[in-house]
Amino acid sequence: MGLGKYITARVAWAGIVSLVIVTIAFILMHFAPNPAIQQAATDAALQGNDPQEAIERAEELRGLDRPIHVQYLDFLQNVYTLNWGWSEYRSQPVPQALLEGLYYSAQYSVPWTILTLLIGPLVGVYSAINMYSWKDHLATGFAFFGFAIPNFFFGIILLLVFAIWLGWVPVIYNPDVAVFSLENIRQLILPVFVLVTGSIGGIMRVSRNESAEFLNADFMKTAKAKGVSPMRAYAYHVMRPTMVPLSTTVVGQLLAIFLGSSVLVEVVFGIPGLGRLTFNALINQDTNLVLGSLLVFTFIGVVGNLIEDLVFTILDPRISYDDR
Amino acid sequence: MRRYAKKSQTRFLSRRQWLAMVGISGTAAMAGCLGDDDSGDSDDTGDDTSDDSTPADSDSGDSGDSGDSGDSGDSGDSGDSDDSDDEDDAFSDDDDDDEPIDELPEVSGTYDTVTSASFETLNPLYNTEAGAGTAIGRTIDQGYTFDDNNELFPLVYDMNTDDGGMVWVFDITEGLEFSDPYGSVTAEDFVYQIEEVHKSDWANTASSATWGGINIEQTGELQFQAELENPQLLWPQTFDPLEYPIPKGLMEPYVMEEDADGMRQDKELLELQFTGNLGPFVLSDWTRGAGTQYVRNHEYYIQDIDWGPELFNGAPYFEGASISVVEEQASRIGALQSGEADAASIPPERFQEFQDDPNVSMYQIPQPYNTIISVNMRDNGWTTGPGNLFRHMEFRQAMAMAISKQDLIQGVYRGRAQPHYTWQPRFSRWYPGDDSIDQFGSSEQYGEDLARSKAEEAFNKSDYDYRFDGGDLVTPDGNQVELDLYHSAGQDTERLTGEFAAQELEQNLGISVSVEAIDGVRFSNDYWTGTPEGGSATIDGEEVTWDSPAPQNPGPRSVHASEDWDMSLVFGLNTFPQNPLTNQFFFDGPTCFYNPVGYYPEFNAQELFQQAREAETIPEMKEAFDQIFINVAREQPYIMLTFEDDLYGYNPDLVGPSEIFNNGWDLPAWHFEE
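Residues numbered from 1 in each chain as written. Chains lettered and ligands numbered in written order. Predicted model: local features only at pLDDT ≥ 70, side-chain atom pairs only at ≥ 80, totals over all residues. Heavy atoms only, no water.

A. Region of the structure containing the overall build of chain A. Of regular secondary structure, chain A possesses 14 helices and two strands. Each of the 324 residues in chain A was classed as buried or not, and the buried ones make up 43%. Counting only contacts in chain A whose residues sit at least 6 apart along the sequence, the fraction spanning at least 24 positions is 71%. Summed over all atoms, the accessible surface of chain A reaches about 16400 Å², with 70% contributed by carbon and sulfur. (Helix = DSSP H or I, 4+ residues; strand = E, 2+ residues; numbered from the N terminus. Buried < 20%, exposed > 50% of the residue type's maximum accessible area, 1.4 Å probe, protein only. Contact = heavy atoms within 4.5 Å. Areas by Shrake-Rupley, 256 points an atom, 1.4 Å probe, with all protein chains shown as cover.)

B. Highlighting the overall build of chain B. Secondary structure summary: chain B contains 19 helices and 25 strands in total. Counting over 674 residues, chain B shows a buried share of 66%. For chain B, the proportion of contacts with a sequence separation of at least 24, taken over those separated by at least 6, is 74%. Summed over its atoms, the accessible surface of chain B is roughly 22100 Å², and 39% of this surface lies on carbon and sulfur atoms.

C. Molecular detail of the environment of Glu151(B). Take Glu151(B): it is sitting in the loop between β2 (144-146) and β3 (152-154). Beyond its immediate stretch of four places on either side in the chain, Glu151(B) contacts Thr145(B) and Phe146(B).

D. Molecular detail of the confidence of the model for chain B. Looking at chain B, pLDDT values average 85 and 85% of them are 70 or higher. Low confidence marks residues 1-11 of chain B, where pLDDT is under 50. Its contacts with residues over four positions away, or in another chain, come to 39 contacts. (pLDDT = per-residue confidence, 0-100.)

E. Molecular detail of helix α6 (residues 134-148) of chain A. Residue and element names in this part refer to chain A. Counted at 1.5 Å a residue, the expected span for α6 with its 15 residues is 21 Å, and the 20 Å between its end C-alpha atoms agrees. Buried residues of α6: Asp136, Ala139, Thr140, Ala143 and Gly146, and no others. The buried residues of α6 all sit within an arc of 130° when viewed along its axis, so they share a single face. Along α6, the residues that are exposed and aim more than 90 degrees away from the buried face are Trp134, His137, Leu138 and Ala148. (Expected span 1.5 Å × (residues − 1). Arc of directions from axis to C-beta.)

F. Region of interest: the sheet that holds strand β5 (residues 167-172) of chain B. All names here are of chain B. With respect to topology, four strands assemble into an open sheet ordered β4-β5-β7-β6, the strand pairing being antiparallel. Because the sheet does not close on itself, it has two edges, and the strands there are β4 (157-160) and β6 (215-220). Across the sheet, the mean angle from the axis of one strand to that of its neighbour is 25°, orientation sign disregarded. Here β4 runs beside β5; their pairing, made up of four bridges, is antiparallel. (Pairing = 2+ DSSP bridges. Axes fitted to C-alpha atoms, helices over the stretch in contact; angles between N-to-C directions.)

G. Spotlight on the side chain of Ser404(B). Residues and elements named next belong to chain B. Position of serine 404 relative to the elements: it lies in the loop between α12 (393-402) and α13 (405-411). For serine 404, a relative accessible area of 5% puts it in the buried group. Within polar-contact distance, the side chain of serine 404 engages the backbone nitrogen of aspartate 407 at 3.1 Å. Among all residues touching serine 404, those that are not within four sequence positions of it are Gly441, Tyr446, Phe500 and Glu504. (Polar contact = N/O pair within 3.5 Å; in protein donor to acceptor, adjacent residues only side chain to side chain.)

H. Structural view of a negative patch on the surface. On the surface, Asp102(B), Glu103(B), Glu106(B), Asp653(B), Glu673(B) and Glu674(B) cluster together into a negatively charged patch. Within the secondary structure, Glu106(B) is located in the loop between α3 (63-66) and β1 (110-115). (Patch = residues over 30% accessible without salt bridge, like charges linked within 9 Å, V, L, I, M, F, W, Y side chains within 5 Å. Salt bridge = Lys/Arg side-chain N within 4 Å of Asp/Glu carboxyl O. Lys, Arg positive; Asp, Glu negative; His and termini not counted. Charge placed at Lys NZ, Arg CZ, Asp CG, Glu CD.)

I. Fine view of the packing of helix α5 (residues 94-129) of chain A against helix α10 (residues 230-246) of chain A. Residue and element names in this part refer to chain A. Close contact between α5 and α10 brings their axes to 11 Å; oriented N to C, the two are set at 120°. Between α5 and α10, the crossing angle belongs to the class labelled oblique. For the element pair α5 and α10, the recorded crossing hand is right-handed. Residues Pro121, Leu122, Val125 and Ile129 of α5 form the contact with α10, whose own contacting residues are Tyr234, Val238, Met239, Met243 and Leu246. A per-class count over the contact of α5 with α10 returns nine nonpolar, no polar and no charged. (Parallel < 35°, antiparallel > 145°, perpendicular 65-115°, else oblique. Left-handed = near helix turned anticlockwise from the far one by under 90°. Nonpolar A, V, L, I, M, F, W, Y, C, P; charged D, E, K, R; others polar.)

J. Geometry of the pattern of salt bridges. Residue and element names in this part refer to chain B. As enumerated under the stated definition, the model contains 19 salt bridges over all chains in all. The partner of lysine 248 in a salt bridge is glutamate 252, and the shortest N-O contact between them spans 3.9 Å. Placement of the pair is lysine 248 and glutamate 252 together in helix α7 (residues 248-257), with a separation of four residues, close to one helical turn. Taking the relative accessible area as the measure of exposure, glutamate 252 reaches 32% and is therefore partly exposed. Connected via shared salt-bridge partners are Glu188, Lys248 and Glu252.

K. Structural view of the packing of helix α1 (residues 3-31) of chain A against helix α4 (residues 68-80) of chain A. Residues and elements named next belong to chain A. Interaxial distance between α1 and α4 falls to 11 Å at its minimum, and their mutual angle equals 130°. For the element pair α1 / α4, the angle class is oblique. For the pair α1 and α4, the sense of crossing is right-handed. Taking contact as the criterion, the partners of Gly15, Ser18, Leu19, Val22, Thr23, Phe26, Met29 and His30 in α1 are, on α4, Ile68, Gln71, Tyr72, Phe75, Leu76, Val79 and Tyr80. For the contact of α1 with α4, the class distribution of residues is 10 nonpolar, five polar and no charged.

L. Focus on the side chain of His392(B). Residue and element names in this part refer to chain B. Looking at the element boundaries, histidine 392 is found in the loop between β13 (370-375) and α12. Since its relative accessible area comes to 18%, histidine 392 is described here as buried. Leaving out residues up to four positions away in the same chain, histidine 392 has contacts with Ala458, Lys461 and Ser462.

M. Molecular detail of α4(A). Residues and elements named next belong to chain A. Taking 1.5 Å of rise per residue, 13 residues should cover 18 Å, and α4 covers 18 Å from first to last C-alpha, within 8% of that figure. Along α4, the residues that are buried comprise Gln71, Tyr72, Phe75, Leu76 and Val79. Mapping the buried residues of α4 onto a view down its axis gives an arc of 135°, with all of them on the same face. Relative to its buried face, α4 has exposed residues pointing more than 90 degrees away, namely Leu73 and Gln77. Following α4 by one or two positions, leucine 82 adopts a phi angle in the positive range, close to 60°.

See below:
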């Protein structure tokens, strides 16, 4: 099977996966208590009216009294036409809520990802080249410090120093500033710094150990014998093979970007991003918004895996899809 | 046979009352959500009465936040104990708003505040959150508020009764205008809103449970009246008749279609585009999860009223306003320190630090939510052995005597709380007076000997052989009594309170108390509420039947939640100083609406509440309430500890805040010092 056919099959498979997930989500939602229905019943009970009657009335108004297969088909149609319903927690359509969250998350997560993927492997290779020297210890110490200190705590400390004591950056995040503006850089520099220092540790250690394996490999000796400059040798003959196993973490990295530790950072810095949105949707039982988030993460997961497989072939041409 | 469960209409709860009963942390837990994300300190639980960003908004916030804002300060208490603070002044403002002023202040700056939770909706018809009520209140006034003397201060309408509270006449303020194309505010808008929306069975608005059984009639272009089923002298104090003006023309299409979702999602309602001259500001932006921004409303109607302070003539005095959602408490306080916010809630442990800071003005504001130890009198309580001692009044009194309120207030609350003796704060006009009530845990009624002596009275009443063995209180098996005490996870002040109480109970009563953290939602679902089963029980020789059981009182003591528990600090409750009649839902008999602990009053609570309900004058009502609160202080249905003050830091240049319960009623007059 060639690359084209492989991608087609993977995309088709992604469609099936999404259908399965959407179906499971429908079943779970069908059996989960509906806050609006519960509210109607509570109101009725508080007033001494019949809660059951109130439930039936509320279900009728929302079309929940129809046969389950009709509701399912209706649900499927809504999902695939992006009619994901209304977010009660935010009082806006779910796709709009997700897009808004993504808009603010992307502003710090894109630079975070780029910097992490650039700095992590570089520091790792640098450590490997200077293994067991003070430079290695310094780089490892730096990476481990960021990894060890909780983002939440680190963020508060940085805010205290740079926002409250020094006044260099604002405490309150302003969502209305232009994306590409100095003001936006000022207000995002701390969250990006916290996240980058928190995430390069793992990548740095993997790349350090991986690259150590290649530093004394035969092809490095050959390159050196041929007079290749050290920088070129490290970049082409060490960094490149190091990146192959490293790239397997990209999907996880992407997911972490949009949810993981960013929730806490968004809380500290007051950024109305996707992490806080999803977390609050969960704890506020905003079913539609939770479902929308689920679909977004499903999409990211499926597409991320696809991209990851394609990146393999670019980084390592020996990987072929002919046999798949 | 006593049948407590046969309830009159006046015993049913509105959603507003329900939400006000347990405050934000409680209602959030009941609703299955966590509310404040940081929830790290008690100051956040104080957000419910007036959101921490906006201590100024008891005037115009949703009733959930202002619904309990005290009442006139003519408390009869003598305040003779050493801990008496300035409770008597809780309603009196040192600033005299009626003083003539030479020149109105300049309009300048923006009034910027921070809040911990984002707003679910700004639709005035559907909002039930205090924080969002504040955000809405920036743009549109509700019917009325209570001023610094706790007198009703008409905003959008005035309310009067001349027949003892049966018929209330609403007079709408002249000159109120909606935005185009809706024209003037008239009585028809209110009558339509109440009759066609709130009283409907499809709309499910925040006030849907408020107006049932009330006959509404338009009596003039700017006047309508409400005839109640039973007279209510304190009806305005319940905040039930508190509504926003909403244009009839805006609601009409949804009423015709019975389209609740459409009305809930209407853009004009959600983005407050109809507010005309009805509020101090106009909403310019609402970024979900980030907050709201406003610009000054030059046409604000309050400039033209002739019954308010002179300062209202130029109101508001800010060019704009904003409310930023900052979930992390440290960041909110940081915003106050850096000058990015003009007001923020301060935790008690940092009060002194900010009091010494010239860049912040600190205010200590009383509030009616209490800190109590709930003791489980149901069959799943008192897990240490047989014969639940919590059921004996003397044992509850012994517990109250064993915990020093003064030490608790000084040690845990840094002096920023008031002692809690009965189900009213001392600043309430309904407080019976220090001389009339037991003050367990205060200097005269605190100590090991007193507590042990009282506990022994309880042992004598018990069928089981509880006794003191050395210093320990032991079970019939000879083992030390061991009890658990739950507090909300992440609530530091609550944890410290629990640890202090545990230490006192160990020292003065010989009880080993294990203090455990628990998630509020889990506690509510698995420990606090049970499946309503009803049933009957014989109490004092009479059979009592639970005809209308609720999750918070699922039946007799044999009916209970799924998990066992002994004591809890998780839920503080409202004491309703404005309208204490609401306390009937806690105390008017074993079958009362809200009774998770299985308390059976030993005084005739139902009759006294009935007396209060039927009172035709305030003194009559006061007499009934005196008896109720004297008995509640004696019986300690919950072990009452403190009323924690709300602590706020303000921009020192801000003129207007005051340390009174209705702080913020005159927000339109607030301004920056020139």
